[in-house]
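Listed below are the residues making up each chain.
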Amino acid sequence: MADLLWDDVESLFDPGLMGALPDVVVPGTSVEDWQAVLDLVEGSGWTCRYSEGGAELPVPRAEAVLSRPAGAECPELRVRPTAEVLAIFRFYSAEEIDFDLDLRELQGQDRLDVLCGFLTAIGRRLGKPVVMYGEGGAPGHPLLGFDVERDRVELLPAPLGAAETGAEEGRGPSGRPQPATQPG
């Protein structure tokens, strides 16, 4: 049985409402967790492409990527669990694994199932929650995620007291300031 049903979550995958590239976060990580994700990508046979400053390079060890000099351009790893589903990992810090999903590609039950499998694989490998927010943190309200204890991807309720946590101050799920959005 599917973790989520498309009819129940379709609105969360509307690029016009959520932004085309929602944020996915694994909080409380380390260099070792990043390496575990890189090993998972390699071992799963998912297609991937690593680049720094526009130059495509072999995927390095997590320690090398995360120890780049201050001010260096942030590298990215584009992962395709299937040809139709794209995740873009950005190496901002060791303390949080951060990636975007392309909602323009995530349409329908089959692709939702791929996404749930992808989030589950990462969550199981790390033993940590994997949480999706709207693009830019939307602001700080989790939409869905992999629950470690329940071992499945689920819709997430709004956190209690979200208004008091700084979410209204333009901070994303990690507390990082988010770019201001222009009214549509």
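J.: Can you break down the side chain of D102 residue by residue, with the values?
T.: Within the secondary structure, D102 sits in the loop between strand 6 (96-101) and helix 5 (109-126). In this structure D102 comes out as buried when scored by relative accessible area, which is 9%. In terms of polar contacts, D102 uses its side chain to reach the side chain of R104, at 2.9 Å. Not counting the four nearest positions on each side in its chain, D102 is found in contact with A20, L21 and L86.

J.: Pulling in residues and values, what's your account of the sheet that holds strand 6?
T.: The strand order 3-2-4-5-6-1-7-8-9 describes an open sheet built from nine strands, whose pairing is antiparallel. Edge positions in the sheet fall to strand 3 (55-57) and strand 9 (152-155), since each of these pairs with one other strand and no more. Here the average twist between neighbouring strands, direction ignored, is 25 degrees. Bridge count between strand 5 (residues 85-93) and strand 6: five bridges; the pairing is antiparallel. Note on strand 6: the bridge partner recorded for A87 is L101.

J.: Which residues make up the pairing of strand 9, and what values do they have?
T.: Note that strand 8 (residues 142-147) and strand 9 share four bridges and pair antiparallel. Counterpart to G145 in the pairing with strand 9 is E154.

J.: Quick one: what's the story with the packing of aromatic side chains, residue by residue and with numbers?
T.: Throughout the structure, instances matching the rule amount to eight aromatic pairs. Judged by centre distance (6.1 Å) and plane angle (75 degrees), the rings of Y50 and F91 are edge-to-face. Placement of the pair is Y50 in strand 2 (residues 47-52) and F91 in strand 5, with a sequence separation of 41 residues. The exposure class of F91 is buried, given its relative accessible area of 0%. Ring pairing ties together the aromatic residues W34, W46, Y50, F89, F91, F99 and F118, which thus form one cluster.

J.: For the pattern of salt bridges, give the residues involved together with the corresponding values.
T.: Throughout the structure, instances matching the rule amount to 10 salt bridges. Taking the shortest distance from any N to any O, the salt bridge between R80 and E105 comes out at 3.0 Å. With R80 in strand 4 (residues 76-82) and E105 in the loop between strand 6 and helix 5, the pair connects residues that are 25 residues apart, well separated along the chain. Here R80 falls in the partly exposed class, since its relative accessible area comes to 23%. The exposure class assigned to E105 is buried, which follows from its relative accessible area of 18%.

How each quantity is defined
Residues numbered from 1 in each chain as written. Predicted model: local features only at pLDDT ≥ 70, side-chain atom pairs only at ≥ 80, totals over all residues. Heavy atoms only, no water. Helix = DSSP H or I, 4+ residues; strand = E, 2+ residues; numbered from the N terminus. Buried < 20%, exposed > 50% of the residue type's maximum accessible area, 1.4 Å probe, protein only. Polar contact = N/O pair within 3.5 Å; in protein donor to acceptor, adjacent residues only side chain to side chain. Contact = heavy atoms within 4.5 Å. Pairing = 2+ DSSP bridges. Axes fitted to C-alpha atoms, helices over the stretch in contact; angles between N-to-C directions. Phe/Tyr/Trp six-rings, centres within 6.5 Å; stacked < 30°, edge-to-face > 60°. Salt bridge = Lys/Arg side-chain N within 4 Å of Asp/Glu carboxyl O.

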